[in-house]
Structure formats: structure tokens, C-alpha cells
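# Structure assessment
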Amino acid sequence: MEKFQVQQRHDASTSQSRRQWLVVIALSVAVLLKYLGPSITKTADLPHAYALCSPSTGIYTVDSNNSKTECVIVVGDTVFATGSEGHVRSIWDAGNPSEDLKTFYTTPGSIVVPGLSDAHAHVLEWGFKQQLPLEDCRSVDVGKDVIAKIKQYILTHPDVQNDSSRWIQGMGWDQTKWPIARFPTADDFDRDPLLRDRPIALSRIDVHASWVSHRVIEQMGKLPEEVYGGIIVRDDQGNPTEPSSVKWTEEEMLGYFETAMHDALSVGLTSIHDAASSPEVIQFFKRRADERTLPVRLYLMGNAQSDTYWGAQIPRLVNYGIDGRLNVRSIKLFTDVSCSTTATPGALGSWGAALLAPYSDNPDTNGLMRSSQDVLRDLVENFFRDGWQVNIHCIGDRANKVALDILQDVMKKFTVDVEKWRPRIEHAQIMQLSDLERIGSLGVIPSVQPTHATSDMWYAESRLGPDRIKGAYAYQTLLQTSRRHILPLGSDFPVEGINPLLGFYAAVSRLSVNGDSPNGTSGWYPAEALTRTQALRGMTCDAAYAAFAETERGMLIPGMKADYVVLNRDIVSEEVPVGDILNTKVLATAVDGRVVYGSI
């Protein structure tokens, strides 16, 4: 941002001149504040052009050669030049002989990387979860953990305490962490008088199962005996224990959004792929873009709850808004998960992932398919015809096989240029070995979340058995078989943490945050770990390619957007112990060349 300086006039008419200048200054500041929004930091007012230099050549460009450089020149929102300090200064001076180039230097030991991307996340859901997070709870017993946390929430929110009709919503419980690993029921709430007769709906950590109170069930009315693609969980008397969905108000969404944006910038995220944005949520983000209050780049996957074609409900937006930070050019489909909160479950932790053979630890089920193969095929064909990128959620090996079968048939039927279509499999979590090869040969993009591997590793092999596990969480294999050698990485937050360094650490170590795994400190199936360079590319240029943005961002080279992150240690270097990755701090986050978090 250019600094406005007013030179005092020394003539007889200074009074009127000063008033005019004050008006100019006030208007200028108002315009600048509106442009910068709420994320102003002490270095947000960087000059229009500046150099950022690392004395230790610690700037990772993530170009095709994985080069490192000493300096980058930023002009406006774009990288203008890279190289040694002498080289970039000579380039600048040749074109701007009378203009000095302001230079900022990073601190010793720190590095600069392109702005980090999360290729699969849920923005508003992150903010929603923060109001009542339950992932650390280790019990459902009265007076302990979950019940105690809900009581604390009620007692610290007078509006909720004084109005028993107010909904209480939270997220993060995980029955696998409890002493008795059973699904909770509505009766558990009624054990405490403060919770009794209140509408309570708590989503499981994977968002594929819900725990609700009797008050919620009463409000639902009569439910069907069965639902396709899910299970209505019932108690011993056959009564349902599932919730109805609750729509968020504009005020609630704004609160969730502001929480998510603050948290994202603080951990170095400059781009997020929102994996399943409803038409209402898309319009919410569009309003933020119109108001210029969208501090990061959002790539939305549109989604509507229907088995009939719903493409007309999703607006197509490309680099929308004055800042060009909003894109809607993809849609999200589901195989083995139900989005509906009235049907569960859908992930490995809740036995919902659709498998070709029964679960090893639960032979009565193969999991659940959300849609029939014919319905899914019809949707994929229609979205392809209308020019949408198709991204399909697939956890289990059956779900992945069905999706690949359909994508392969569509490619053959329509002679598809896969480089233009870029279909994605979201999660690509459990696959037959043959499908690990096929996804690469077809050119389908696998979009994976490394922290899912380290979260699931404690029970995944007991769920799948020793043979199936060989095709699960196979990140290095997926990268090597990829036609373009890319593997975009995400977190699936709020299912996992929002900090991308959690994913970086999980990808390269295959260890828990405590440094262990079922296979010890060497990591869980370490052959499937990524190198540090591969992980960095997965969070930068690979994620950009998956969003049709590889010519705009993901690398710090001339012509690219000047999105970057300054970290206080070199996590890409093998000289930094793996255990120190999670202690790394974000010193600054910049979007369009402007520092929006921290300082440089």
C-alpha cells in the first residue's frame, strides 16, 4: 500500500488548504481500510514494489526444478523477478533508474514458501466447530468430558441457559477414543437435568454420524423405516436417534467465516478448496467477494442434495470479484457417504466406507453407498457435458472402483481431454492395487489428506485386514502413478486440524503428533511417506493445478501471484528434525503481495 504523505503548504491561505488536505487524507484512509479489510497488520502498508530477501537463500520457488533463491521482487500483487540480490536490483534499476527499491530481509533460519493451499476442507464448518469442539473428550459419562463440556457451554452462554428451546450444536466426538467404544444415544443427555429436554445435535469427528437428544427426535416427526445410503440408528425399542438438519442464519455464517479466515491466515493458508458448498453457502461467499472481505482464495465445489441433475443451481464463477479470489467451476459428488444429517455414517471410523468385501472387524457390513451406480453415472455425464470439473468423494475400495469405472466410461464415450476436465477423487483412501495404477493411467487427480492416515492408523488394519491395507493411504504410490506426477494435499478440516503443517508432518513422517505409530517410531507403512519437497509441492503447485490455477499461483516465479508464507525454520531441509516440524511458527502470511498476518 502506498503511504500518503501531505506536505504542509506555507502560504497565506493555509487554513482552507489544510481542510482540503484533511478531506483527501480521510477519504484515502477510508478507501485503504476498506480495501485491506480487517486483517491489517503493522507491515500491511508495504510499498507498491519491494524486494523480499533471504540471506541464506531460503526462498523456495517450487518451480519445475525445485529451485531456491535469495530474493524476489514483488510489484503490486505479482512476482516481478527472482534471483540474487544483485541480480534483482539490476533488473529493477534498469527499468526504474530513479525509484529506490525498498528491501525487507527475513530473519536467520527462516524460509519463504509459496502461499499454502488446503485442497480439501470445509470453511464454515471449521468456524461452526469452534463454538463447541469435542475432539478431546474421552468419555460420554455423566459429569465427565462430553456432558461436562455441554454443561459448561450452557452455563457460559446466558442466552442458551435461559432459553431451553435454543439449539446446542457441536462437533468432534469419537467413540473409538472412549473406554467403551459404543455409539452414544439420546438417553445419555437425559441423565443430566440441565441437558434434559433441550435440542442438542453433535456431529461425529468425521461428520458422518450424529448424536441427538430426544427433543430433536420429537421435532422430526415420523421417519421412514430405511433410507438409501445410510442408517437410521435406533435404540432397543426401535426409536430413532438421528437429528434433523438446522440451517445457519447469515449472522451465524458470518461468525463462522470470520473465525475460519483468522485461523487460516495464522497458519499460512492463502487458498482453500471448499469441498461441498451448497447454493446458499456459495451466495454467502459471493457476497464476501462483492464486499472485498474475502482475505484468502476460495475454490468451491458446488453441491446440492439431489439425485437428479442440479447443475443449474450452481453459479459458475471464475476469478470472481475485484480481487479475483472466488472460483466456482467444480462440483462435489458422493459415493460412500451421506451428506444428510438424517442418515449415517460414511467414513472408515464409523464403518460406512463402502468396501468390496465385509469389514474384517465387522463382517456383517460392507459399508454404505450413498448413490446407486446408475444415478452417479447420470450425474457425472451431465456435469461433464455442462463443463464442470467433477470431484467425487470416495473412501472405500468399492466406492473408488465404482467412481473410476464411471469416469473411465465417460472418458471413452465422449473422447475426453482429461487435461481440460481434470476430474478428482476426493480422499482416494482405500483402493485395490489395480485401481492405484488405473487412477494414474486415466489422469484422474487423487486429492488426499495425510492426517487421515495418522488418525486412522490405530484401527485401520483391524478394519481392513493385512491384504487390503496395502492399498490404503498409499500416497507415494498415488504420486508415482499420477500422469502428471501431482498429488494435491488437504486436511478435511474440521475433521482434522486446520494447520497445514499437521498434514506436512503426517505426509513425511507417517507418525502421530506424539512421534509414534502402530509400527513404532519408523512410521506407519513408511514406504508410502512423501519427501518434504513432494509434500510442499502438494500444498502449493499441485493444489493449484487441481484448481485450474497453475499459471496463476503455487510458485514464486515471475508472473505468479505474490502469495507467500514466512516460516521460522526450514521444514523442507532434512537438517531440521521431523519432530521440529510441528514447532514451526508462521511469521507472516501474504496474499497478493500484502502481508495480512504477522510481519516481515
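From a predicted model like this one, the values you see are computed outputs, not experimental measurements.

What counts and what doesn't
Residues numbered from 1 in each chain as written. Predicted model: local features only at pLDDT ≥ 70, side-chain atom pairs only at ≥ 80, totals over all residues. Heavy atoms only, no water. Helix = DSSP H or I, 4+ residues; strand = E, 2+ residues; numbered from the N terminus. Buried < 20%, exposed > 50% of the residue type's maximum accessible area, 1.4 Å probe, protein only. Contact = heavy atoms within 4.5 Å. Areas by Shrake-Rupley, 256 points an atom, 1.4 Å probe, with all protein chains shown as cover. Disulfide = S-S within 2.5 Å. Pairing = 2+ DSSP bridges. Axes fitted to C-alpha atoms, helices over the stretch in contact; angles between N-to-C directions. Parallel < 35°, antiparallel > 145°, perpendicular 65-115°, else oblique. Left-handed = near helix turned anticlockwise from the far one by under 90°. Nonpolar A, V, L, I, M, F, W, Y, C, P; charged D, E, K, R; others polar. Core = buried A, V, L, I, M, F, W, Y, C linked by side-chain atoms within 4.5 Å. Domains from an automatic or database assignment. 1 Å grid on protein atoms, 1.4 Å probe; cavity = no way out; pocket = protein on both sides within 12 Å on 5 of 7 lines; lining within 4 Å. Points joined across faces, edges and corners; volume = space filled by probe spheres on them. Salt bridge = Lys/Arg side-chain N within 4 Å of Asp/Glu carboxyl O.

### Points about the overall build of the chain
The helix and strand tally for the chain stands at 19 helices and 21 strands. Counting across all 600 residues of the chain, residues that qualify as buried make up 56%. A separation threshold of at least 6 residues defines the contact pool for the chain, and within that pool the share at least 24 residues apart is 73%. By element, 51% of the accessible surface of the chain is carried by carbon and sulfur atoms, the whole surface being about 24,800 Å².

### A few points about the state of the cysteines
Following the criterion strictly, the structure yields one disulfide and no others. The disulfide bridge from cysteine 53 ends at cysteine 71, spanning 2.0 Å between sulfur atoms. In this structure, the disulfide formed by cysteine 53 and cysteine 71 twists by about 115 degrees around the S-S bond and is classed as right-handed. In this pair, cysteine 53 sits in strand β1 (residues 49–53) while cysteine 71 sits in strand β4 (residues 71–75), placing the two residues 18 residues apart along the sequence. The class of cysteine 71 is buried, set by a relative accessible area of 0%.

### What to know about the sheet that holds β1
Spatial strand order, β5-β4-β1-β6: four strands in an open sheet with mixed pairing. This sheet does not close on itself; its edge strands, each paired only once, are β5 (78–83) and β6 (102–105). Across the sheet, the axes of successive neighbouring strands diverge by a mean angle of 25 degrees, strand direction being ignored. Judged from the four bridges that link them, β1 and β6 form a sheet pairing that is parallel. Among the inter-strand pairings, leucine 52 is bridged to a residue of β6, identified as phenylalanine 104.

### Here's the deal with the packing of helix α10 (residues 373–385) against helix α11 (residues 397–414)
α11 packs onto α10 with a crossing angle of 45 degrees between their chain directions and a minimal axis gap of 10 Å. The pairing of α10 with α11 is recorded here as oblique in orientation. Relative to α11, the crossing made by α10 is right-handed. Note on element contacts: α11 touches α10 through Val402, Asp405, Ile406, Leu407, Asp409, Val410, Lys413 and Phe414, opposite Gln373, Leu376, Arg377, Val380, Glu381, Phe384 and Arg385. Its residues assigned to classes, the contact of α10 with α11 comprises eight nonpolar, one polar and six charged.

### Quick notes on the nonpolar core
Ile272, Phe285, Leu333, Val380 and Ile425 are the most contacted members of the largest nonpolar core, which has 112 residues in total. When residues in this core are grouped by element, the largest group, eight residues, is from α11. Two domains each provide a minimum of three residues to this core, namely domain 1 (37–115 + 554–599) and domain 2 (125–220). In this structure, phenylalanine 285 is in contact with Val123, Leu124, Phe257, Asp274, Ser277, Leu298, Leu300 and Leu326, ignoring residues within four places of it in sequence. Of all hydrophobic cores here, the second largest spans 19 residues; its members include Cys137, Ile147, Ile154 and Ile168.

### As for the pairing of strand β9 (residues 168–173)
Counted residue by residue, β9 has six buried out of six residues, so it is predominantly covered. Sheet topology places β9 next to strand β10 (residues 200–204); five bridges connect them, and they run parallel. Each bridged residue has a counterpart across the sheet, and for glycine 170 the counterpart in β10 is leucine 202.

### A look at the environment of proline 108
Looking at the element boundaries, proline 108 is found in the loop between β6 and β7 (111–114). The exposure class assigned to proline 108 is exposed, which follows from its relative accessible area of 82%. For the pair proline 108 and serine 56, spaced 52 residues apart in the sequence, the C-alpha separation amounts to 7.2 Å.

### Digging into the layout of surface pockets
Its volume calculated, the second largest pocket comes out at about 920 Å³. Taken together, 40 residues make up the lining of the second largest pocket; nearest its centre are Lys177, Thr451, Ser455, Val495 and Glu496. For the lining of the second largest pocket, the secondary structure elements donating two or more residues are α3 (123–130), α14 (450–456) and α17 (500–509). The greatest single-element share of the lining of the second largest pocket, amounting to five residues, is contributed by α14.

### Focus: the pattern of salt bridges
Counting across every chain of the model gives 28 salt bridges. A salt bridge links aspartate 188 to arginine 191, with the shortest nitrogen-to-oxygen separation between them at 3.0 Å. Residue classification places aspartate 188 among the buried residues on the basis of a relative accessible area of 1%. Residue arginine 191 is classed as partly exposed on the basis of its relative accessible area of 44%. Between arginine 385 and glutamate 381 there is a salt bridge whose closest N-O contact spans 3.4 Å. Here glutamate 381 and arginine 385 lie together in helix α10, a separation of four residues that amounts to about one turn. A single network of salt bridges, built from pairs that share partners, joins Asp77, Arg297, Arg325, Lys561, Asp563 and Asp592.

Functional significance is not addressed by these values, which are geometric in nature.
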